[in-house]
Amino acid sequence: MVQNFEAKLSEYAHLLVEVGLNVQPGQTPSIESNVEYVPLTRQCIAACYDCGARNVVAYYGDDFATREAFLRADAAVFEEYPSYMKARVDWFLEQKSPRLSFTGSNPELLKGVDPARIQARRKVSGPATKPYFDALTANKLQWCVGAYPTLAWAEKVFPDKKGEQAMDALWDAIFSVCRITGDGKAVERWKEHVAALTRRTKALNDYRFASLHYSNRLGTDLTIRLPERHVWTGASAFTPQGTQFVPNMPTEEIFTAPRWDGVDGRVYAALPLAMDGNLVKDFYLDFKDGRIVDIHAGEGEEYLRRAIDTDEGAHYLGEVALVPYDSPIRNTGILFYNTLFDENASCHLAFGEAYPDCVKGGEDMSEEEQKAAGLNQSMTHVDFMVGTEDLSIVGTTHDGKEIPVFVDGNFAF
Ligand code: ZN
Ligand code: ZN
């Protein structure tokens, strides 16, 4: 049993709605949920009204129904995107509805389904929902992703626990990394946390580093040049109307993009990398002029090679993210097999696609302009953890000043 479960669940709902979405009086939030997430969803609906919502639209998927349809429905069903579903998201866009969603469904939900059906559905759903998801990606609407444990996920994270025991362990872990204790003060704690991340983000942007140098006892010795117009982002985002929100709950990272052709040296992974259920362990990557020129892994090297061979862009880095070693997620020592959590456990880099907003004006640039500005392009984006207890990062400014950014695994400022 999770101690004080009801109080913690309510605290989580208020956190997602008040800090994550930051619902404003008169807004109509939407909640994309699942029949398994009903208890938290109901608490979130109530929390939205507590914030003065005009109306709350919650809708529920069902993993069983989804899987049955993919296995047994008429194949032609997947070649057309239902107009009522398109009308729904178009309406959310029109209403500027803040969007809450949850991660947690069975990672193997579509195992054994004919890939042609999945592909056909993607082909029609992508264009139909593009205006809505483009608006979300560009932060034109508030949005937030939280988590809800399902049995399949919980038993994957805790292989020696079964059933309810695994579920309880995952709930405990989620509450703890979201700074939820049951005392009703998680919202206050998160406001402080977001303010601290914002202060560091501003400091990094003020330094306008030309490059960062990483080193530690594992043998990491890596120089990363940053794009001239790079922007560090952390924790929160703002809508054009100026409403602050926190898209990922939890979040610990501050990130930007490296210059795709500006990475040199060797970096060692600090944690195993989970790729489609396979683990890559004890690996390093060597870079020359940005390109990965050599890799070595103690275990699972073939999965890493395959990922890097996705396309030419996957041979270059697209993200530099700073997370203190002393972060709640790393302190649990748990591998969540879920990016929302795992990428907040440690300083990380990603090979593949860079986020356009990591360069000033990047969202309005063509692909060629983005590349010229330093942003990498790829079909993939894979985070791997590099932060150790003794990680040192030194920034060099354009006039050659060296500033400690990380000392002994944690922020120097
Ligand atoms: Zn990241
Ligand atoms: Zn990433």
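Residues numbered from 1 in each chain as written. Chains lettered and ligands numbered in written order. Predicted model: local features only at pLDDT ≥ 70, side-chain atom pairs only at ≥ 80, totals over all residues. Heavy atoms only, no water.

Trainee: I tried to follow the overall build of the chain on my own but got confused; where do I start?
Mentor: Of regular secondary structure, the chain possesses 12 helices and 20 strands. A compact globule built from 413 residues would reach a C-alpha radius of gyration of about 22 Å, and the chain, at 21 Å, matches this within 12%. The C-alpha extent of the chain, read off along each of the three principal axes, is 55 × 50 × 50 Å. Taking all 413 residues of the chain together, 50% fall into the buried category. Sequence separation of at least 24 residues holds for 74% of the intrachain contacts in the chain that already meet a minimum separation of 6. Here the chain has roughly 19,000 Å² of accessible surface; of this, 50% comes from carbon and sulfur atoms. Averaging the locations of the 41 positively and 60 negatively charged side chains of the chain gives two centres separated by 2 Å. (Helix = DSSP H or I, 4+ residues; strand = E, 2+ residues; numbered from the N terminus. Rg over C-alpha atoms; globule rule 2.2 N^0.38 Å. Buried < 20%, exposed > 50% of the residue type's maximum accessible area, 1.4 Å probe, protein only. Contact = heavy atoms within 4.5 Å. Areas by Shrake-Rupley, 256 points an atom, 1.4 Å probe, with all protein chains shown as cover. Lys, Arg positive; Asp, Glu negative; His and termini not counted. Charge placed at Lys NZ, Arg CZ, Asp CG, Glu CD.)

Trainee: How do you make sense of the sheet that holds strand 15 (residues 317-322) when you look at a structure like this?
Mentor: The pairing of strands in a sheet happens through backbone hydrogen bonds and is either parallel or antiparallel. Strand order in the open sheet made by the 5 strands is 7-10-15-16-17, with antiparallel pairing throughout. Edge strands, defined here as strands with exactly one partner in the open sheet, are strand 7 (233-234) and strand 17 (381-385). Across 4 bridges, the pairing between strand 15 and strand 16 (residues 348-352) is antiparallel. Within the sheet, the bridge partner assigned to Leu-317 lies in strand 16 and is Phe-351. (Pairing = 2+ DSSP bridges.)

Trainee: Could you clarify how one ought to interpret the coordination of the zinc ion (ligand 2) in this entry?
Mentor: Octahedral metal centres with six donors ideally show angles of 90 or 180 degrees, and tetrahedral centres with four donors ideally show 109.5 degrees. Bound to the zinc ion (ligand 2) on the protein side are Glu-319 (OE), His-381 (NE2), Asp-383 (OD) and Asp-383 (OD), at distances that span 2.0 to 2.7 Å. The coordination sphere of the zinc ion (ligand 2) comprises 4 donor atoms, whose angles at the metal cover 52 to 141°; the geometry is irregular. All donors to the zinc ion (ligand 2) come from one chain, and their sequence spacing reads E-x61-H-x1-D. Between the zinc ion (ligand 2) and the zinc ion (ligand 1), the interatomic distance is 3.5 Å, and Glu-319 donates to each metal, bridging them. In this pair, Glu-319 is assigned in strand 15 and Asp-383 in strand 17, connecting sequence segments 64 residues apart. (Donors = N, O, S within 2.8 Å, 3.2 Å for Na, K, Ca; no water. Tetrahedral: all angles 85-135°; square planar, octahedral: opposite > 155°, others 65-115°.)

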